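Notes for the structure review
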Amino acid sequence: MVTGLSAGDATAGFRGYRRVVLESIPLDEIASEGYSFLIEMLYRCQRQGWHMGEVPIVFENRQRGASKISKIEILKAMQTVLRLGWERIRQ
């Protein structure tokens, strides 16, 4: 809700981008890395008017268990979401 993203999973690790999409995004202005990068790229693409398709992937052997995402990475992602949400409000 904060970023206005229409994706079901903003941190999906596998994405393919068309060249024209990447050329329309000022990649040198992206401040995020790791999982936060995935969120910011999706945000930037959507703000440029690009539409994203999603193909859900279910890892059968990862339906239960501990996440591999660290607490620091979670905090970075939350910071990115808040930063992008603030940017969205200002525009």
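The structure we're discussing is the one just above.
Residues numbered from 1 in each chain as written. Predicted model: local features only at pLDDT ≥ 70, side-chain atom pairs only at ≥ 80, totals over all residues. Heavy atoms only, no water.

**Concerning the overall build of the chain**
Within the chain one finds 3 helices and 0 strands. Reading the helices (α) and strands (β) of the chain from amino to carboxyl end gives α-α-α. Seen along its three principal axes, the alpha-carbon backbone of the chain occupies a region of about 40 × 25 × 25 Å. Buried positions account for 22% of the 91 residues belonging to the chain. The chain carries 13 positive and 10 negative side-chain charges, and their two centres are separated by 4 Å. (Helix = DSSP H or I, 4+ residues; strand = E, 2+ residues; numbered from the N terminus. Buried < 20%, exposed > 50% of the residue type's maximum accessible area, 1.4 Å probe, protein only. Lys, Arg positive; Asp, Glu negative; His and termini not counted. Charge placed at Lys NZ, Arg CZ, Asp CG, Glu CD.)

**Quick look at a nonpolar patch on the surface**
On the surface, I69, I74, L75 and M78 cluster together into a nonpolar patch covering about 360 Å² of accessible area. Relative to the helices and strands, L75 resides in helix α3 (residues 71-90). (Patch = residues over 30% accessible without salt bridge, like charges linked within 9 Å, V, L, I, M, F, W, Y side chains within 5 Å. Areas by Shrake-Rupley, 256 points an atom, 1.4 Å probe, with all protein chains shown as cover. Salt bridge = Lys/Arg side-chain N within 4 Å of Asp/Glu carboxyl O.)

**Observations concerning the pattern of salt bridges**
Taken as a whole, this structure holds 4 salt bridges when the rule is applied. Between E40 and R44 there is a salt bridge whose closest N-O contact spans 3.0 Å. Within this pair, E40 and its partner R44 are both found in helix α2 (residues 35-47), separated by 4 residues, close to a single helical turn. Judged by its relative accessible area of 16%, R44 is buried. In this structure, R44 engages E87 in a salt bridge whose closest nitrogen and oxygen atoms are separated by 2.5 Å.

**Topic: the nonpolar core**
One finds V21, I25, I30, M41 and C45 forming the largest nonpolar core, which totals 5 residues. Apart from the residues within four sequence positions on either side, C45 is in contact with Y17, V21, I25, W50 and M52. (Core = buried A, V, L, I, M, F, W, Y, C linked by side-chain atoms within 4.5 Å. Contact = heavy atoms within 4.5 Å.)

**Some details on the packing of α2 against α3**
Put simply, α2 and α3 touch, their axes get as near as 8 Å, and they point 20° apart. Relative to α3, the element α2 lies roughly parallel. In the packing of α2 onto α3, the handedness of the crossing is right-handed. Side by side, α2 and α3 meet where Y35, S36, I39, E40, Y43, R44 and R47 of the first sit next to E73, K76, A77, T80, V81, R83, L84, E87 and R88 of the second. Its residues placed into classes, the contact of α2 with α3 shows 6 nonpolar, 2 polar and 8 charged. (Axes fitted to C-alpha atoms, helices over the stretch in contact; angles between N-to-C directions. Parallel < 35°, antiparallel > 145°, perpendicular 65-115°, else oblique. Left-handed = near helix turned anticlockwise from the far one by under 90°. Nonpolar A, V, L, I, M, F, W, Y, C, P; charged D, E, K, R; others polar.)

**A word on α2**
Helical geometry: 3.6 residues make up each α-helical turn, so side chains three or four residues apart lie on a common side. Compared with the 18 Å implied by 1.5 Å per residue over 13 residues, the 19 Å span of α2 between its first and last C-alpha is a close match. Here α2 has its buried residues at S36, L38, I39, E40, M41, L42, Y43, R44 and C45. Check the buried side of α2 and you find it contacts α1 (19-24) and α3. Residue G49 follows α2 closely and has a positive phi angle near 95°. (Expected span 1.5 Å × (residues − 1).)

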